[in-house]
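Take a look at the letters that make up each chain.
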Amino acid sequence: MSRPGLLARPLHPTLLRLDDLAAHLAADDHVQAVLGLGSAGEETHRFDEHSDIDVFVVVDSATAKQRYLQDPGWLAGFGGRVAFSFANDPNGRKALFEDGLFVEYAVFTPDELAALPVVGARLVWSRDGRELPMSEPPPSPTALDTVDFHVNEALTNLCVGLHRELRGERLTAMRFTQVYAVDRVLALVRLDPASRLDHPDRFESTRRIEQADPPRHRPGHHPGDPTAAGPARPHLSTCLSVGAWQEHTPEMSSYSRALEVAHEHALDWLGSLGERPVPPQASIEEVVAALGPELPQRGCPPEEAVALLAEASDAGLTATASGRFFGSVVGGTHPAAMAADWLVSAWDQNTGLRTVTPAQSAVEDIAGAWLFDLLGLPAQSAVGFMTGATMANFTALAAGRDAVLRRAGWDVTRQGLAGGPRVRVLVGEERHDTVDVALHYLGSVPPRR
């Protein structure tokens, strides 16, 4: 147990409220000491704006203990008002202050404290500066705290959980695959001497595991040493991902794996644009050969199909989004637009009718209104979003042709085009080829040059 004078770093401002509490309680002769635990204990360097304060108050008698448990008014020593409090243990309570401070406290007599296995406590204050006797925690290793035990427990937890998932018991399946099995894997991290943990919490193995430096080899196995004792075991990084094995139904797992592969290849592609050659490095025939022209006799997992497409196509792609591409006005997709396009594919909506997908209609209405404002067009203008230049020109020319014929007294929707007035279309000499294509689709004679 550390004493106040031994702490090298200055305390977090919130943690100083524990000192305020100690000063407040010092006025009561029945209070013998105030202890901080966890990040309020010896590891005060971990205390931050997200931390709560764990505290033990030591009093001289059972009578004083009951008084402090029954009347939490002494918490005013922290400063501020308690908004919510409840008894979570025969020895203490949890309390949330109006300003957001969260406190968990317990009250003990000296004899009770001496019988407790306390780890990492910090003596904030004690009457007459006396040390308090406390028990050391019992040694943790047992006959069942072994690599074999935890690996086998994790595997059987997964087996039970997957079968419960298939039975439709999804909540208990989640607990077996994402809680019980993961707890065993975390035990492997703790048992491996090569693991480096940031102040491990012996009561909660998941604490700060994100900052742990796990071993790069399998527990009980040493790479490059064929004579090393112990059977081969699953790689730790594989074990740490067991929680993702059964997040959803088997069908959703297939989506997850395929999308993960696509995401990985997409990032690789974007990361290569600054250095890769702009022109494609493979011909159509070479890409066909890489993909495999023959009809497969059987299918493959979705993630394998996505990986094959990405790997075989890579050499046949043009780096249109590169800053070194000047071929035409394409490329340079905005990150938000690219990510939104992924969402649109996942949503898989029928956008042909306005009311079938309200979200799609709402987005188009907002985008259209923004365009009217940006271009200075009347608010009653109409807008349509097309798939590309050909359909944009087709739609605009069709609308213009119908308007011209309507002014000439000819209703295309009722009378058709046959026998109607001729329509002259004026186009620029450097028009885009899609203009001619659209006129051809509309049944018009191609423009003369």
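Quick look at the structure, then. (Residues numbered from 1 in each chain as written. Predicted model: local features only at pLDDT ≥ 70, side-chain atom pairs only at ≥ 80, totals over all residues. Heavy atoms only, no water.)

With that settled, the discussion passes to the packing of helix α4 (residues 147–166) against helix α5 (residues 170–191). One way to put it is that α4 packs onto α5 with a least axis distance of 8 Å and a crossing angle of 165°. Considering the angle they form, α4 stands roughly antiparallel to α5. Here α4 and α5 pass one another in a crossing that is left-handed. Its residues assigned to classes, the contact of α4 with α5 shows 15 nonpolar, 5 polar and 6 charged. (Axes fitted to C-alpha atoms, helices over the stretch in contact; angles between N-to-C directions. Helix = DSSP H or I, 4+ residues; strand = E, 2+ residues; numbered from the N terminus. Parallel < 35°, antiparallel > 145°, perpendicular 65-115°, else oblique. Left-handed = near helix turned anticlockwise from the far one by under 90°. Nonpolar A, V, L, I, M, F, W, Y, C, P; charged D, E, K, R; others polar.)

Our next topic: the sheet that holds strand β3 (residues 82–89). In any sheet, the strands associate via hydrogen bonds between backbone groups, in a parallel or an antiparallel arrangement. If you trace the 6 strands from one edge of the open sheet to the other, you get β3-β4-β5-β2-β1-β6, paired in mixed fashion. Two strands close off the open sheet at either side, each with one partner strand: β3 and β6 (122–126). In this sheet, adjacent strand axes meet at a mean angle of 20° when their direction is disregarded. Relative to strand β5 (residues 102–108), strand β2 (residues 53–59) runs parallel, the two sharing 6 bridges. If you follow Val55 over to β5, its bridge partner there is Tyr105. (Pairing = 2+ DSSP bridges.)

Applying the stated rule across the entire model yields 7 aromatic pairs. Where Phe78 meets Phe97, the ring centres are 5.8 Å apart and the plane angle is 75°; that geometry is what we call edge-to-face. One end of the pair, Phe78, is in the loop between α2 (62–70) and β3; the other, Phe97, is in strand β4 (residues 92–97), with 19 residues separating them in the sequence. Exposure remark for Phe97: the relative accessible area of 2% places this residue in the buried category. Each ring, one from Phe176 and one from Tyr180, has its centre 4.9 Å from the other, and the planes form 90°; the classification is edge-to-face. (Phe/Tyr/Trp six-rings, centres within 6.5 Å; stacked < 30°, edge-to-face > 60°. Buried < 20%, exposed > 50% of the residue type's maximum accessible area, 1.4 Å probe, protein only.)

Position of His432 among the secondary structure elements: in the loop between α13 (412–415) and α14 (433–441). A polar contact of 3.0 Å, which involves the side chain of His432, links it to the side chain of Thr434. (Polar contact = N/O pair within 3.5 Å; in protein donor to acceptor, adjacent residues only side chain to side chain.)

Attention now moves to a nonpolar patch on the surface. Taken together, the side chains of Leu371, Leu374, Leu375, Leu377, Val383 and Phe385 present a nonpolar region at the surface, about 570 Å² in accessible area. Summarising the element assignment, Val383 is placed in the loop between α11 (358–375) and α12 (389–407). In this structure Val383 comes out as partly exposed when scored by relative accessible area, which is 39%. (Patch = residues over 30% accessible without salt bridge, like charges linked within 9 Å, V, L, I, M, F, W, Y side chains within 5 Å. Areas by Shrake-Rupley, 256 points an atom, 1.4 Å probe, with all protein chains shown as cover. Salt bridge = Lys/Arg side-chain N within 4 Å of Asp/Glu carboxyl O.)

In contact at an axis separation of 9 Å, helix α8 (residues 284–291) and helix α9 (residues 302–313) are set at 155° when each is read in the N-to-C sense. The orientation of α8 relative to α9 falls into the category roughly antiparallel. Relative to α9, the crossing made by α8 is right-handed. Contacts between α8 and α9 involve Val287, Ala290 and Leu291 from the first element and Leu308, Leu309, Ala312 and Ser313 from the second. (Contact = heavy atoms within 4.5 Å.)

Among all residues except glycine, the phi angle is most often negative; among peptide bonds, the trans geometry is most common. The backbone phi angle of Asp128 is positive, close to 65°, even though this residue is not glycine. Phi at Asp348 is positive, roughly 55°, even though this residue is not glycine. Inspection of the secondary structure puts Asp348 in the loop between α10 (335–347) and α11. For Asp348, a relative accessible area of 64% gives the class exposed.

With that settled, the discussion passes to the nonpolar core. Among soluble globular proteins, nonpolar side chains are generally buried collectively. With 26 residues, the main nonpolar core has Leu18, Ile53 and Phe78 as its most contacted residues. Within the residue set of this core, elements represented by two or more residues are α1 (16–25), β1 (31–37), β2, α2, β4 and β5. Excluding its chain neighbours within four sequence positions, the residues that come into contact with Leu18 are Val34, Gly36, Ala40, Ile53, Val55, Phe78, Arg122 and Val124. Counting residues in hydrophobic clusters, the runner-up holds 12 residues, among them Leu35, Phe56, Leu113 and Leu132. (Core = buried A, V, L, I, M, F, W, Y, C linked by side-chain atoms within 4.5 Å.)

The next thing to look at is the pairing of β2. Within β2, 6 of the 7 residues are buried, leaving the element largely enclosed by the surrounding structure. Note: β1 against β2, 6 bridges, orientation antiparallel. Each residue of the ladder has a partner; that of Ala33, found in β2, is Val58.

Moving on to α12. Taking 1.5 Å per residue, 19 residues should reach 27 Å; α12 reaches 27 Å between its end C-alpha atoms and fits that length. Those residues of α12 lying buried are Ala398, Arg401 and Leu405. For α12, the arc enclosing every buried residue in end-on projection is 70°, short of the 170-degree limit, so these residues lie on one face. For α12, exposure combined with an orientation more than 90 degrees from the buried face picks out Ala396, Arg406 and Arg407. Check the buried side of α12 and you find it contacts α13. Looking one or two places after α12, you find Gly409, whose phi comes out positive at around 85°. (Expected span 1.5 Å × (residues − 1). Arc of directions from axis to C-beta.)

Our focus in this paragraph is the pattern of salt bridges. Going through the model one piece at a time under the given rule, you end up with 14 salt bridges. Across the salt bridge formed by Glu165 and Arg170, the nearest N and O atoms sit 3.6 Å from each other. Looking at Glu165, the relative accessible area reads 9%, which means it is buried. For Arg170, a relative accessible area of 43% corresponds to the partly exposed category. The shortest N-O distance in the salt bridge between Arg431 and Asp436 comes to 2.6 Å. By the burial criterion, Arg431 is buried, and Asp436 matches it.

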